[in-house]
Amino acid sequence: MHSPAPALRDVARDEVIFTLLVADLAAISGDYAHASAQYTAAAVQAGHAGLARRAVQAALYGQDAPSAIAAAEAWQRLEPNNADPAQLLAGLELQRGNRDAARVHLSRLLTLKPFGNRQDYLNLVRLLNQNVEPEALFGVLDELLESRPDDAEALFAYTVAAAGLGQTQRADSASARLLALQPNSEQALKLRAQVLHQSGQWQPAAVLLRGYLKTNPKDVPARFALARALVDGKEYPAARAAFEAVLMQEPGNVEAQLAAALLAGQMGDRKVARQRLLKLSGEAEQADKAHFYLGKLADDAGQPQQALAWYGRVMAGEHRTDALLRRAELLAAQGQLDPALALLSEAGDADESESMRLLLGQIDLLVDGRRAQQAEALINSALQDNPDNLDLLFARSMVLEKLERRLEMERDLRRILEIDPKNANALNAWGYTLADHGERLDEAHELISRALSQSPDNPYILDSLGWVLYRKGDLAGAETHLRRALSQLPDAEVYAHLAEVLHALGRGDEARKVLAEGLARSPQDARLLSLKTKLAP
């Protein structure tokens, strides 16, 4: 009897098993690139799409985009009618900056997947927007819209993405098209109003929302949106009425209660503001906000002791640091500089940003209290641990200017600009100091102009530009920029600068009127007081 013939070995199967074993061992050891390559090889050998998916997962886990793309391409060849690899490839190619390849894969995806609802598009945008520059993302999404110009769901997702990423013009155009396509859609209208508001067009946003609320008066989110638009437009009575209307429907709405209280205070109705804030102070989640704004009410009313008491009850939350700083300022104004400094230096539970604000607050108090040398010592101590901190370097430069050590001041400002060549504060401070001393005026003008290019509407920089133009003899240009500065910043120094320019222009009556306005706001300001004699008729 013959022994049975041995079974023929399945060589291909053995090779796949061996390749998988190598892939698994590579994955266990953390070599995800090798694991992905081996899983991909096994997928091709076995014609198995599931192994290709595993290869993609290994590559993504190892943050290896080229391996992920190779695995996804193998997956796509094995399952040509599956939309998932096309979607994945579009996102991966976009991350690598390969827009053309991303468009090809996106086009394939659109033929494989129906995209029948809004969520499909939102998910697609979310997948594509992974570590991608907005211009690259919208370079692909713009083509998507061009291929589906009347797809309202695509327009909605596009608008949401554009608004969220600060692409104002794109969001504006897409939301307008969406509303034109769906004029009776509540969601399209609300999204259009949101985009208008975000882009600074509060008035058209308010018009849209008011029209909508006429037929949908119980829509609280829409009324909130209207109120916020009106606040941004400084239409305070109308905004207050909108928040009060919300409270008629939802009396317990704490956000509306707080907003209504603050608007009441803004409009001078302190009694109502105080009543609402006192009510909110009894609710644990709102207590710190209420205490802070009760402090501000007392502060604005010239009641420093009451303000100190309320600020002292702000224990946590977003206004804690503001409350501490204002308490310290009030104490210092009462001659209690050392307790004020102690309050800020001993404040616990502050994160890095808050700690820096408290330190800078101490420096300001020391400078205002004529202890510039102590302020310098405090800054020097802090700079030992963080020698290139821009806030500390700038603070020291201002202290050195007070101490009339201008070469050292310029050294610090130069260092700031070495680290951050576009630092508007340093450029402006350096230029203004030179202009104020009447020195190197061309250099001062150039520094201030550079600062203004970084922050075109900054009133402090506009004031500096007006002052250097005055020093250079361009009185008309000086007046133009100083009036722009004053319209945004009714500060004693700006009043003084404008009064001097008007006096130099021979318009004495106007100069005295500006001086009087400045003194009405800041009756003790030394610079304004010194101008009284100079401008006397």
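This is a predicted model, so every value here is computed, not measured. (Residues numbered from 1 in each chain as written. Predicted model: local features only at pLDDT ≥ 70, side-chain atom pairs only at ≥ 80, totals over all residues. Heavy atoms only, no water.)

A.B. asks: Can you tell me about the overall build of the protein, naming the residues and giving the values?
C.D. replies: What the protein contains, in helices and strands, is 31 helices and zero strands. The C-alpha atoms of the protein give a radius of gyration of 33 Å, which is well past the 24 Å a tight globule of 537 residues would have. Considered along the principal axes of its C-alpha atoms, the protein spans approximately 130 × 65 × 50 Å. Considering the protein as a whole, with its 537 residues, one finds that 45% of them fall into the buried category. (Helix = DSSP H or I, 4+ residues; strand = E, 2+ residues; numbered from the N terminus. Rg over C-alpha atoms; globule rule 2.2 N^0.38 Å. Buried < 20%, exposed > 50% of the residue type's maximum accessible area, 1.4 Å probe, protein only.)

A.B. asks: Describe the pattern of salt bridges, and please don't skip the residues or the numbers.
C.D. replies: On inspection of all chains with the given rule, the structure shows 37 salt bridges. Residue Arg228 pairs with Glu255 through a salt bridge whose shortest N-O separation is 2.7 Å. Residue Arg228 is found in helix α13 (residues 220–232), and its partner Glu255 is found in helix α15 (residues 254–266); the two are separated by 27 residues along the sequence. Through salt bridges with shared partners, a single network forms among Glu410, Arg414, Arg440 and Glu443. (Salt bridge = Lys/Arg side-chain N within 4 Å of Asp/Glu carboxyl O.)

A.B. asks: Please provide a residue-by-residue account of unusual backbone geometry, values included.
C.D. replies: Notably, Lys234 is not glycine yet its phi reads approximately 60 degrees, a positive angle. Turning to its location among the elements, Lys234 is positioned in the loop between α13 and α14 (236–249). Relative accessible area serves as the criterion here: at 60%, Lys234 is assigned to the exposed category. Backbone geometry at Glu404 places phi at a positive 60 degrees, although glycine is not the residue there. Tracing the backbone shows Glu404 in the loop between α23 (390–402) and α24 (406–419). Judged by relative accessible area, which is 71%, Glu404 ranks as exposed.

A.B. asks: Tell me about the environment of Gly47, residues and numbers included.
C.D. replies: With respect to the helices and strands, the residue Gly47 is situated in the loop between α2 (32–46) and α3 (49–61). With a relative accessible area of 48%, Gly47 lands in the partly exposed category. In sequence terms Gly47 and Trp75 are 28 residues apart; their C-alpha atoms lie 9.4 Å from each other.

A.B. asks: With reference to specific residues and values, describe helix α6 (residues 99–112).
C.D. replies: Between its first and last C-alpha, α6 extends 20 Å over 14 residues, near the 20 Å set by a 1.5 Å rise per residue. Those residues of α6 lying buried are Ala102, His105, Leu106, Leu109 and Leu110. Considered in projection along α6, the buried side chains sweep an arc of 145 degrees and stay on one side of the axis. In α6, the exposed positions angled more than 90 degrees off the buried face are occupied by Asp100, Val104 and Thr111. Lining the buried residues of α6 we find α4 (65–78), α5 (83–95), α7 (118–128) and α8 (134–147). (Expected span 1.5 Å × (residues − 1). Arc of directions from axis to C-beta. Contact = heavy atoms within 4.5 Å.)

A.B. asks: Before we move on, could you go through the packing of aromatic side chains and cite the residues and values that matter?
C.D. replies: Tallying each qualifying case throughout the model produces seven aromatic pairs. Taking the centre distance of 5.3 Å and the plane angle of 80 degrees together, the rings of Phe138 and Tyr158 count as edge-to-face. Taken together, the residues Phe138 in helix α8 and Tyr158 in helix α9 (residues 152–164) connect sequence positions 20 residues apart. Since its relative accessible area comes to 6%, Tyr158 is described here as buried. Both rings, one in Trp467 and one in Tyr470, keep their centres 4.7 Å apart while their planes meet at 25 degrees; by these two values the pair is stacked. Of this pair, Trp467 and Tyr470 both sit in helix α27 (residues 459–471), three residues apart, roughly one helical turn. (Phe/Tyr/Trp six-rings, centres within 6.5 Å; stacked < 30°, edge-to-face > 60°.)

A.B. asks: Help me get a handle on the side chain of Asp64, residues and values and all.
C.D. replies: The topology assignment puts Asp64 in the loop between α3 and α4. Arg96 provides the closest opposite charge to the buried, salt-bridge-free Asp64, at an N-O distance of 7.9 Å. At a separation of 2.8 Å, a polar atom in the side chain of Asp64 contacts the side chain of Ser67. Setting aside residues up to four positions removed in sequence, Asp64 forms contacts with Ala33 and Ala59. (Lys, Arg positive; Asp, Glu negative; His and termini not counted. Polar contact = N/O pair within 3.5 Å; in protein donor to acceptor, adjacent residues only side chain to side chain.)

A.B. asks: Residues and numbers for the environment of Ala71, please.
C.D. replies: With respect to the helices and strands, Ala71 occurs in helix α4. Through-space distance from the C-alpha of Ala71 to that of Pro85 is 9.2 Å; in sequence the pair is 14 residues apart. Excluding residues that lie within four positions of it along the chain, Ala71 makes contacts with Ser36, Thr40, Ala52, Ala55 and Val56.

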